[in-house]
Every structure is written in C-alpha cells, then in structure tokens.
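Single-letter residue listing:
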Amino acid sequence: MQKMKQNSSVWHPNTQMQEWDYFDKIVKGKGMWLIDSKGNKLLDGVGSMWCNVWGHSKKELINAIIRQTKKIPHSSLFNLTNKPSEDLAKKLITISPNMNKVFYSDNGSTAMEIAFKLALQFWKNYGLDNKTKLATLENGYHGDTFGAMSVGYVPEFFSKFKKQLFSTTQVPVPNRYRLPQGFSFDDYQQHCLEKIETLFSTNEKIAAFVMESGAQVAGGVIIYPPGFQKKISKLCKKYDVLLILDEVATGFGRLGSLVEYHAQDSVPDIVAYGKMLTGGYLTMGATLATKKIYDSFLGGFKEMKHLFHGHTFTGNPIAAAVANENLKLYEKNKLIKKIQNTSKIFEKRRDELNQLDLVGDVRNKGMLMGIELVKNKKQKTPISPKKSVNKIIFDEGKNNGIYLRTLGNIVMLVPPLAISTKELDLLIDRTILTIKKTEKKYDL
Ligand SMILES: Cc1ncc(COP(=O)(O)O)c(C=O)c1O
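Quick notes on the rules
Residues numbered from 1 in each chain as written. Predicted model: local features only at pLDDT ≥ 70, side-chain atom pairs only at ≥ 80, totals over all residues. Heavy atoms only, no water. Core = buried A, V, L, I, M, F, W, Y, C linked by side-chain atoms within 4.5 Å. Buried < 20%, exposed > 50% of the residue type's maximum accessible area, 1.4 Å probe, protein only. Contact = heavy atoms within 4.5 Å. 1 Å grid on protein atoms, 1.4 Å probe; cavity = no way out; pocket = protein on both sides within 12 Å on 5 of 7 lines; lining within 4 Å. Points joined across faces, edges and corners; volume = space filled by probe spheres on them. Helix = DSSP H or I, 4+ residues; strand = E, 2+ residues; numbered from the N terminus. Nonpolar A, V, L, I, M, F, W, Y, C, P; charged D, E, K, R; others polar. Axes fitted to C-alpha atoms, helices over the stretch in contact; angles between N-to-C directions. Parallel < 35°, antiparallel > 145°, perpendicular 65-115°, else oblique. Left-handed = near helix turned anticlockwise from the far one by under 90°. Near = heavy atom within 4 Å. Polar contact = N/O pair within 3.5 Å; in protein donor to acceptor, adjacent residues only side chain to side chain. Areas by Shrake-Rupley, 256 points an atom, 1.4 Å probe, with all protein chains shown as cover. Phe/Tyr/Trp six-rings, centres within 6.5 Å; stacked < 30°, edge-to-face > 60°.

(A) Highlighting the nonpolar core. Leu92, Phe209, Ile371 and Leu373 are the most contacted members of the largest nonpolar core, which has 83 residues in total. Among residues more than four places away in sequence, those in contact with Leu373 are Leu358, Val359, Ile383, Val389, Ile393, Asn409, Val411 and Ile435. Among the nonpolar cores identified, the runner-up in size contains 23 residues, and Leu118, Phe122, Ala207 and Phe297 belong to it.

Written out as structure tokens, the structure reads:
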C-alpha cells in the first residue's frame, strides 16, 4: 500500500492522528473494490462509511452527474427551484408513506438537526410553548453536530462537550446480548416500553421521541425486536408526542427494505434520509415531514412561522440528479430483492463467526453485520475502550485485502448494497482470517 508519510495536511475524522503515520491513498474504485496508488486492491467492507450502494464506478451514476453538471452544477433553493430537486422530492414522497414535503440538506447530521427544529417549532406554531423536550433511546447516534450530539449522546464520544449540549430524556433500549441481570429479553423489551409510556404520561413537555429506524447502527448494531418500533409509534400517537425516525443509516435497503419505517409498520411525523440517497456518490440529506407538520408552518409572513433554516447547498442539482438516477436503478435492478437474497449469506455464516474466541456476539440484518469482540467470551468481558481495536483490525484487514473499520470493539460489515454473493462470501472469509490473526497476535 502507498504510504503518504507526513506530507499531508489532512486531519482525519474520529482519528488519533498520532497513531497513524500514513494513510493509504485511494485513487480509483472498481465495483466493490478500492484501488490505491500502487494498484493494491481492497474489498470495501465499510461501503465508504455505510453509504455506497452500487460499488465505486457505476457508470449510470457517473453519467447522471456529468449530465447535470453540464446543465447547471449549483443553483440554490433560496427563491428558486430546480428540476432534479423537484423530481426527487416527488419520488421521495411517493415511496415514503404519509410524508408530504421534503426539506433538503447536506448530510445526515443536518437532516436530523432540521428534524429537531421542525418538531420543536411545530408545537410553538400552535402556541404550545411548554412542549420543549426531546426524548430518545439510550445509545442512539444521530451525527456530530451539537443538536445531534445532544440527542444521540454517546458519552465516550461527546463528554467533552456535555456542558454545551441541551438536555434530553433517554430511555433504555433492549440489547439482547447485554441484558441487565434478572431480565429475559421479552421482559426487558416490555420494561423499556413501560418506561416510555411512563415518561409520556407524566411529562407534558415531551415534544418528540427520536430514534433510529429499525436498528441502532453506530450504537453497536442493536436490532430492535419485531414490533418494538411499532409499539413506540403507537405510544407517540396515544400521548401526542411526535415521532422522529432517523433512517440515515438504515433506510434505502441497508436493513433489507426500501423504507424501514414502513417495514416496521410505524408511523413517523418526520423522517430523515442521507447516506445511500445518492448511491453514496454525493453529499445530500433529506428531512421529510407529514402534512400536519408542514401546515403548522404556514401563515402570514408577519406571523414568522416559517422555518429559519437553510444551507448553501440545500437541494444541490447534481446531488439530486444522482439521487434520482440511483432510485431509478433500485427499481430497474430490483435491488431490494437482491439484498434480501444476498444477505442470506450473513445468516448462513453467522455461526462461523460466533465460534471465534474473540467474538462475543454477531448481529445482522439485511446488508449490515456487527461482530462484537470481547476479552473473555464466557463472561462477555468487554475489551478496554482504551485499546485501539480499530487500528489493529484495519491493519490486519488490509493485509488480507479488505477495508474494515470498527466502532469501538465492534467490527462492522457494511458493504455496498449491491455486493454479489461471491464477494460477500469473500469479505466474510477474509474477516474471519483477520479476526483469527488478531486473536493470535494481540492481547486485547
Ligand atoms: C443513524 C445516523 N444518523 C445520522 C448520522 C449522521 O450522518 P452524517 O455523517 O452524514 O452527518 C449517521 C452517521 O453515521 C447515522 O448513522
């Protein structure tokens, strides 16, 4: 692999820079493979941070970008509109039950910020000034901006900013692998739902409940039990609490359905999309709202009910054009069906991974797998958070020709959605090899 020994000015995300004396320089992508400047190939197990759909050189997506760039690369949605954004909004509304309007942004975090602002202002628009609090599931993640950090508060990441964050109310989430003592999984799930109901019935300030749709991804691939999200959705309706669902990581097929909240039989008031919306080729977020939400923002100008939010690149025509092409390809290639088939490989091979000494638990749904590494399998002892597991797994993975990134002690397999069965098998073979080598070489 190409070494960039210290002539780089780039500061990398979520990275202790002192630990890395070089970063492999990716110069090309071909299908599911990343290729560095020396021609070495890495099978992409991360899907470019979970957003890649078709692999790295999908000609239809590249052509959509070129076509739109030649027409108009950027014209904003401030006082104007553009065809790709209009078309995309129409399409998103069609595929997203109950949704009525689309507010564009640049990424998942901003899509969530907009969701929070919509929900909080919704109540104000109706003169209900006391509905000011957001409630959420523990362990959720919604991005790295201040609102997103407040709502998806992960102490290991964000404790340094705690004083600057706004307060939220968190309720527990059922994690089958790490249940509190004395609970069965079913009992604990019920316990979590009761906590939510108690909160809603005793605290009139709760404006909205925020959760990832289908599963918590960054929180360690915690897949909700069937019916859990639906029950929360019903509680929200019962107590007049808005439901904000974050589909940034789980929508568009990652969990095996195009729209995860629909698959979960839940009814959000606001939903956020990102990552795979553009096939992973350009940056775009979208926050969708129901008519009820949208209508509350209407009024005479002097009422000042409109939403004070907008980004320079809101509704960027190239991003919208590539998203439109991406969604056409979903239909043309029956991608959701393909994911449902290919992901059976994860099911089939989960036990092989589970048998490894270093592996405590394996969780998967659709094209997503989390492999939790532990210090002691029997006692489920976590590896110290001070161990740099990501760097070790990345280095060992690279030696085996795969690109991996862990979240803490969890090896994430989040390949491009259209990966073939053969390539997914190869990714799993090489992941097993990587974990075995790690077991042998390191005292974690
Ligand atoms: C569920 C969820 N929401 C929001 C975000 C933030 O998205 P972005 O990194 O595009 O800001 C992420 C990112 O991983 C995510 O997983």
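(B) Seen up close, empty space enclosed by the protein. Inspection of every chain in the model, using the stated rule, returns one cavity of 30 Å³ or more. Approximately 30 Å³ is the volume found for the largest cavity. In terms of lining, the largest cavity is formed by Lys91, Ile95, Leu258, Leu327, Tyr330 and Glu331. Put simply, the parts of the chain that give the lining of the largest cavity at least two residues each are helix 3 (83-95) and helix 11 (317-332). Looking at the lining of the largest cavity residue by residue, the class counts come to four nonpolar, no polar and two charged.

(C) Looking closely at the packing of helix 3 against helix 11. At a closest axis distance of 8 Å, the pairing of helix 3 and helix 11 adopts a crossing angle of 40°. With respect to their mutual orientation, helix 3 and helix 11 come out oblique. Considering how the two elements wind past one another, helix 3 and helix 11 form a crossing that is left-handed. Side by side, helix 3 and helix 11 meet where Pro84, Ser85, Asp87, Leu88, Lys91 and Leu92 of the first sit next to Pro317, Ala320, Ala321, Ala323, Asn324, Leu327 and Glu331 of the second. For the contact of helix 3 with helix 11, the class distribution of residues is eight nonpolar, two polar and three charged.

(D) Up close: the site of the ligand. Around the ligand, the surrounding shell consists of Trp50, Asn107, Gly108, Ser109, Tyr141, His142, Gly143, Glu212, Asp246, Val248, Ala249 and Lys275. Contact between the ligand and Lys275: an oxygen atom at 3.0 Å from a side-chain N or O atom of the residue. Against a free-state accessible area of 390 Å², the protein chains account for coverage of 83% of the ligand. Across the shell around the ligand, the residue classes tally to four nonpolar, five polar and three charged.

(E) Local environment of the packing of aromatic side chains. Across all of its chains, the model carries 15 aromatic pairs by this definition. Ring plane angle 5° and centroid distance 5.0 Å describe the contact between Trp20 and Phe23, whose orientation is recorded as stacked. One exposure class covers both Trp20 and Phe23, and it is buried. Measuring from centroid to centroid gives 5.9 Å for Trp54 and Tyr330, while their planes differ by 90°, and the two rings are edge-to-face. A residue pair is termed long-range when its members are at least 10 positions apart, and Trp54 in the loop between helix 1 (47-50) and helix 2 (59-71) and Tyr330 in helix 11 qualify at 276 residues. For the pair formed by Trp54 and Tyr330, the shared burial category is buried. By way of ring pairs, the aromatic residues Trp20, Phe23, Phe394 and Tyr403 are connected into one cluster.

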